[in-house]
Amino acid sequence: MILFLVPALPLLAAIVAAFPRSDRYLALVTFIAALCATTTSFAIAMGVAQRGTLTALPHWVALDALSAVLLCVITAVTTLAALFSWGYISSTANATVFPPRIYYANFNLFVVSMLLIPLMLEPGLAWIAVELTTLLSIFLVAFENTRGALEAAWKYMTITLLGATMAVLGFLVLFWAMKAAHADDFTWSGLRAQASAMPAPLLEVGFLLILVGFGAKVGLVPLHTWLPDAHSQAPSPVCALLSGIETTVVLYVILRLLPIVRATPLVHASLWAIIFGLISTGVAAFLIMQTHDYKRLFAFSTVEHMGFILTAAAIGGSLAAYGTIWQIVNHAFTKSFCFYAAGAVLLLTGSREVSAVRGLIERSRLSGTALLVGALAIAGAPPFAVFSSELVVLRAGFARGEYVTTGMLALFIVIAFFGMLSQVNRMVFGTPSATASPSAVRAYALPLPCTISLVIAAIPVLALGLIMPHPVHELLAQAALGLSR
Amino acid sequence: MSSQTGAALNVLLLGAFLFFAYRMIVARQVRGVLTAFVAQSLCLAGSAFTLGASTHLWELFALGAVTLVSKPILIPIVLTRLVPGAVYERRELPHTMDPRLSLLASAALSGIAYLVILPLIAVAAGPTLGGANVVVGFSGLLLGAYQVTIRREAIPQLLGILAMENGAFLAGISIAPDFPLIAELAIAFDIPLLAFIVGLLTRALHEQIGTTETASLTSLREESPW
């Protein structure tokens, strides 16, 4: 029953937020709930690594190594996002018509919906949880209530719900395939066991509907257009949740399907995943060079990484699967760190424009360093964590003889690397324009909770690239077994 | 109900379902789109009851009952309460395509649905209750997606998404009548919640921007990969 405690904690915090309380109290409750959920998740995950799957309700709720990794990532990123929100929302409270308690209630409910996804054994219920993630985050995207924020929220709602509706037909077709094979167990493991007897055309159509439908939510091209808009308009801690974990947790559902549909050689699941993955990585790499908004820059980087992870999973084999899971973890921590850094820069400068921010390092050593470290880390520079996991995936790709796919992946990563660094380099070290108004340079001290969360969030970004604790390695290896076939 | 009468009634309901899908695409007033959506939802509930009566599957009756309460009743109530009445009365909704061309495109989409689904029914060979449900359902899904694309007004776009769900579940009652819980749960809780939240968002758009025309939401366009 301890599994239920993890979503119950943020749910409790959401209920508390429904009553009028001081902003500081709500921020503290949200942070403590997230911290307790993280501690519980890590304890459960270590248990899963040693003793195998933990079942709370047979056929409905359980946790294996793969979902345990997701649970830990969601709760850990949420804890830091809650801490960052504490400083960020109190600093921007006057700029919005909504009271902070609306923010904290939505924040916690959104986290609950994300936590439900890896806990669900039944794909249909996972679909409902995915749909809830959209519904419960619409007002987080629209929180600033500006024309831009409402436009972004509308686009986010339309595209992701349209995708989710396509996906529900995909799950129905999958159920049809299972019934055609005279099977009964509609769970991830049940489908995997029975997949080889299912008709290949049904599996392929079901998989494609889910890949394209949920691909919209993940940010796969061509249905990625909501992602940069939502990330440029939403408050930075919400961007950390959207980019760091929401996209990942929906991608998890697609990754769960891959071993099922690959059971039948007649289904071209890997090919479809590679096509969508490579196109997303490539298009995002070029868009990174063009954008004028530094929050959009990191949003396009998410599109690039989601494409990378999908392609990595499609390459197949145990090493690529290990690299995929490790990349999921590293991306979640690094991307959320990038959005905290972007949030700090926004609080300091009041502008999202790349061209409006120059010589950042001289005005704020902390914000400038954080932005530079974030950009280097997410672009894949050594010795940061993303570099290590990308290297594992590329090695695995070449080892399996996937030269074209792996070569294209490497090329797109290099393009994205230079695009990212050229933009951030100008922001951090560029010379301020002579015509810049002095009022644009605000005397501003970053709120203490934001500073603390920036510093703590930097630790995994670097540490996971340098050391790999044995229990974490064990958990990742077991999770990779669940992904590979 | 004899199986022959049931099958004939089901085909009649499927024809009406498809007709209302086309009607939603060409309607010139928001109220017209909403009325067509209500009628389409009634056809979905009717098809669930008809197939339930032929097969004696209680799940289909449950789905029909939940649909009947949720879609034709709750959704119009929620939307008309949240979104100002003037929005529903506006005439000549903006289209990105001439309605006559839209009808042709819709017919083509139905043809595509037929061509895609027919081979699937052949390979499934077994527990499918009514192949026509799958074809019309998939067609409804495509037509709903088309409606979301061509409409430039908030409520018709939302109703396009809900029409896609109608299409998915119309196919679902045929190919997966005993689908565990998801359809009932989704229709009972998820869809009214969706209508409520999107209704609130539409009202916020109306208050902040002064219109519910999504065509005017273009301030965030920036880069293009090409």
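1. Focus: the overall build of chain B
Part 1 of the reasoning: Across its full length, chain B holds eight helices and zero strands.
Part 2 of the reasoning: Helices and strands in chain B line up, N terminus first, as α-α-α-α-α-α-α-α.
Part 3 of the reasoning: Put simply, 79% of the contacts in chain B that link residues at least 6 apart link residues at least 24 apart.
Part 4 of the reasoning: Of the roughly 9000 Å² that chain B leaves accessible, carbon and sulfur atoms contribute 67%.

2. Focus on the overall build of chain A
Part 1 of the reasoning: In terms of helices and strands, chain A carries 19 helices and two strands.
Part 2 of the reasoning: In terms of overall dimensions, chain A is globule-like: its C-alpha atoms have a radius of gyration of 21 Å, near the 23 Å expected for 485 residues.
Part 3 of the reasoning: Each principal axis of the C-alpha distribution contributes one length, and for chain A these read about 70 × 50 × 45 Å.
Part 4 of the reasoning: By the burial criterion, 68% of the 485 residues in chain A qualify as buried.
Part 5 of the reasoning: Counted over contacts in chain A with a minimum sequence separation of 6, partners at least 24 positions apart contribute 81%.
Part 6 of the reasoning: Looking at chain A, you have 23 positive and 18 negative side-chain charges, and the mean spots of the two groups are 6 Å apart.

3. Points about the packing of aromatic side chains
Residue and element names in this part refer to chain A.
Part 1 of the reasoning: Per the stated rule, a full pass over the model turns up 14 aromatic pairs over all chains.
Part 2 of the reasoning: On the basis of an interplanar angle of 70° and a centroid distance of 5.9 Å, the ring pair of Phe-298 and Phe-339 is categorised as edge-to-face. Here the residue Phe-298 occupies a position in helix 12 (residues 294-315), and Phe-339 occupies one in helix 13 (residues 318-349), the gap between them amounting to 41 residues. Phe-339 shares its class with Phe-298; the two are buried.
Part 3 of the reasoning: Clustering of aromatic rings is evident, with ring pairs tying together Tyr-103, Tyr-104, Phe-107 and Phe-143.

4. Thoughts on helix 15 (residues 365-379) of chain A
Residue and element names in this part refer to chain A.
Part 1 of the reasoning: Counted at 1.5 Å a residue, the expected span for helix 15 with its 15 residues is 21 Å, and the 21 Å between its end C-alpha atoms agrees.
Part 2 of the reasoning: Taken as a whole, helix 15 has its buried residues at Ser-367, Gly-368, Ala-370, Leu-371, Leu-372, Gly-374, Ala-375, Ala-377, Ile-378 and Ala-379.
Part 3 of the reasoning: Packing partners of the buried residues in helix 15 comprise helix 12, helix 13, helix 14 (360-363), helix 16 (385-399), helix 17 (403-429) and helix 18 (448-466).
Part 4 of the reasoning: After helix 15 finishes, the residue Gly-380 shows a positive phi value of roughly 100°.

5. Concerning helix 3 (residues 58-82) of chain B
Part 1 of the reasoning: In this model, helix 3 of chain B (25 residues) spans 35 Å end to end at C-alpha, consistent with the 36 Å of a helix rising 1.5 Å per residue.
Part 2 of the reasoning: Along helix 3 of chain B, the sharpest change in direction is near 40° and occurs at Leu-74 of chain B; proline Pro-76 of chain B comes one to four residues later.

6. A short note on the packing of helix 12 of chain A against helix 16 of chain A
Residues and elements named next belong to chain A.
Part 1 of the reasoning: It is the contact of helix 12 with helix 16, at a shortest axis distance of 10 Å, that shows an interaxial angle of 40°. When the axes of helix 12 and helix 16 are compared, the crossing they make is left-handed. Across from His-305, Phe-308, Ala-312 and Ile-315 in helix 12, the residues of helix 16 making contact are Val-386, Glu-390, Val-393 and Gly-397.
Part 2 of the reasoning: Looking at the contact of helix 12 with helix 16 residue by residue, the class counts come to five nonpolar, two polar and one charged.

7. Some details on the interface of chain B and chain A
Part 1 of the reasoning: Counting from both sides, the interface comprises 52 residues of chain B and, opposite them, 52 residues of chain A.
Part 2 of the reasoning: Summed over both sides, the interface between chain B and chain A buries roughly 4700 Å², with carbon and sulfur atoms accounting for 78% of that surface.
Part 3 of the reasoning: Our enumeration of links across chain B and chain A arrives at zero salt bridges.
Part 4 of the reasoning: Summed over the shared surface of chain B and chain A, the number is two residue pairs in polar contact (both at pLDDT 80 or more).

8. Looking at the pattern of salt bridges
Opposite charge on two side chains lets them pair, provided their charged atoms get close.
All names here are of chain A.
Part 1 of the reasoning: With the rule as written, the count across this model stands at seven salt bridges over all chains.
Part 2 of the reasoning: Asp-229 serves as the salt-bridge partner of Lys-155, at 2.6 Å between the closest nitrogen and oxygen. Taken together, the residues Lys-155 in helix 6 (residues 147-180) and Asp-229 in helix 9 (residues 226-233) connect sequence positions 74 residues apart.
Part 3 of the reasoning: Of the charged contacts, one joins Glu-246 and Lys-217 as a salt bridge, the two residues approaching to 2.7 Å between their closest N and O atoms. Linking Glu-246 in helix 10 (residues 236-261) with Lys-217 in helix 8 (residues 200-218), this pair joins segments that are 29 residues apart in sequence.
Part 4 of the reasoning: Several salt bridges share partner residues, and in doing so they unite Lys-155, Asp-229 and Arg-296 into one network.

9. A look at the nonpolar core
Part 1 of the reasoning: Counting residues in each nonpolar core, the largest one holds 272 residues, and the members touching the most others are Phe-214 and Met-420 of chain A.
Part 2 of the reasoning: No other element matches the 23 residues that helix 6 of chain A contributes to this core.

10. Things to note about the environment of Met-306 of chain A
Residue and element names in this part refer to chain A.
Part 1 of the reasoning: Residue position: Met-306 is located in helix 12.
Part 2 of the reasoning: Under the relative-accessibility criterion, Met-306 is labelled buried at 0%.
Part 3 of the reasoning: Put simply, Met-306 and Pro-237 are 69 residues apart on the chain and 20 Å apart in space, counted from C-alpha to C-alpha.
Part 4 of the reasoning: Among residues more than four places away in sequence, those in contact with Met-306 are Val-218, Leu-220, Thr-247, Thr-248, Leu-251 and His-331.

11. Considerations on the state of the cysteines
Among covalent bonds in proteins, the disulfide is the one between the sulfur atoms of two cysteines.
Residues and elements named next belong to chain A.
Part 1 of the reasoning: Per the counting criterion, the structure on display carries zero disulfides over all chains.
Part 2 of the reasoning: Here Cys-450 is not disulfide-linked; the sulfur of Cys-239 is the nearest cysteine sulfur, at 13 Å.
Part 3 of the reasoning: Judged by relative accessible area, which is 0%, Cys-450 ranks as buried.

12. Some words on a nonpolar patch on the surface
Part 1 of the reasoning: A cluster of nonpolar side chains, namely Met-1, Phe-4, Leu-57 and Trp-60 of chain A, defines an oily patch on the protein surface of about 410 Å² accessible area.
Part 2 of the reasoning: In this structure, Trp-60 of chain A sits in the loop between strand 1 (54-57) and strand 2 (61-63).

13. Notes on the pairing of strand 1 of chain A
Within a regular beta strand, the side chains point alternately toward one face of the sheet and then the other, so they alternate between its two faces.
All names here are of chain A.
Part 1 of the reasoning: With three bridges connecting them, strand 1 and strand 2 associate as antiparallel partners. What sits directly across from Leu-54, in strand 2, is Leu-63.
Part 2 of the reasoning: The loop that links strand 1 with its antiparallel partner strand 2 comprises three residues; one of these, His-59, has a positive phi angle of about 75°.

14. Examining the packing of helix 1 (residues 3-26) of chain B against helix 2 (residues 30-55) of chain B
All names here are of chain B.
Part 1 of the reasoning: For the pair helix 1 and helix 2, interaxial distance at closest approach is 9 Å and the crossing angle is 160°. Relative to helix 2, helix 1 is oriented roughly antiparallel. Crossing of helix 1 over helix 2 shows left-handed handedness. Here Gly-6, Leu-9, Asn-10, Leu-13, Leu-14, Ala-16, Phe-17, Phe-20, Ala-21, Arg-23 and Met-24 of helix 1 lie close against helix 2, whose contacting residues are Val-33, Ala-36, Phe-37, Ala-39, Gln-40, Cys-43, Leu-44, Gly-46, Ser-47, Thr-50, Leu-51 and Ser-54.
Part 2 of the reasoning: Residues of the contact of helix 1 with helix 2, tallied by class, amount to 15 nonpolar, seven polar and one charged.

What counts and what doesn't
- Residues numbered from 1 in each chain as written.
- Chains lettered and ligands numbered in written order.
- Predicted model: local features only at pLDDT ≥ 70, side-chain atom pairs only at ≥ 80, totals over all residues.
- Heavy atoms only, no water.
- Helix = DSSP H or I, 4+ residues; strand = E, 2+ residues; numbered from the N terminus.
- Contact = heavy atoms within 4.5 Å.
- Areas by Shrake-Rupley, 256 points an atom, 1.4 Å probe, with all protein chains shown as cover.
- Rg over C-alpha atoms; globule rule 2.2 N^0.38 Å.
- Buried < 20%, exposed > 50% of the residue type's maximum accessible area, 1.4 Å probe, protein only.
- Lys, Arg positive; Asp, Glu negative; His and termini not counted.
- Charge placed at Lys NZ, Arg CZ, Asp CG, Glu CD.
- Phe/Tyr/Trp six-rings, centres within 6.5 Å; stacked < 30°, edge-to-face > 60°.
- Expected span 1.5 Å × (residues − 1).
- Bend = angle between axes of the 7 residues up to and from the residue.
- Axes fitted to C-alpha atoms, helices over the stretch in contact; angles between N-to-C directions.
- Left-handed = near helix turned anticlockwise from the far one by under 90°.
- Nonpolar A, V, L, I, M, F, W, Y, C, P; charged D, E, K, R; others polar.
- Buried area = accessible area lost by both parts, 1.4 Å probe.
- Salt bridge = Lys/Arg side-chain N within 4 Å of Asp/Glu carboxyl O.
- Polar contact = N/O pair within 3.5 Å; in protein donor to acceptor, adjacent residues only side chain to side chain.
- Core = buried A, V, L, I, M, F, W, Y, C linked by side-chain atoms within 4.5 Å.
- Disulfide = S-S within 2.5 Å.
- Patch = residues over 30% accessible without salt bridge, like charges linked within 9 Å, V, L, I, M, F, W, Y side chains within 5 Å.
- Pairing = 2+ DSSP bridges.
- Parallel < 35°, antiparallel > 145°, perpendicular 65-115°, else oblique.

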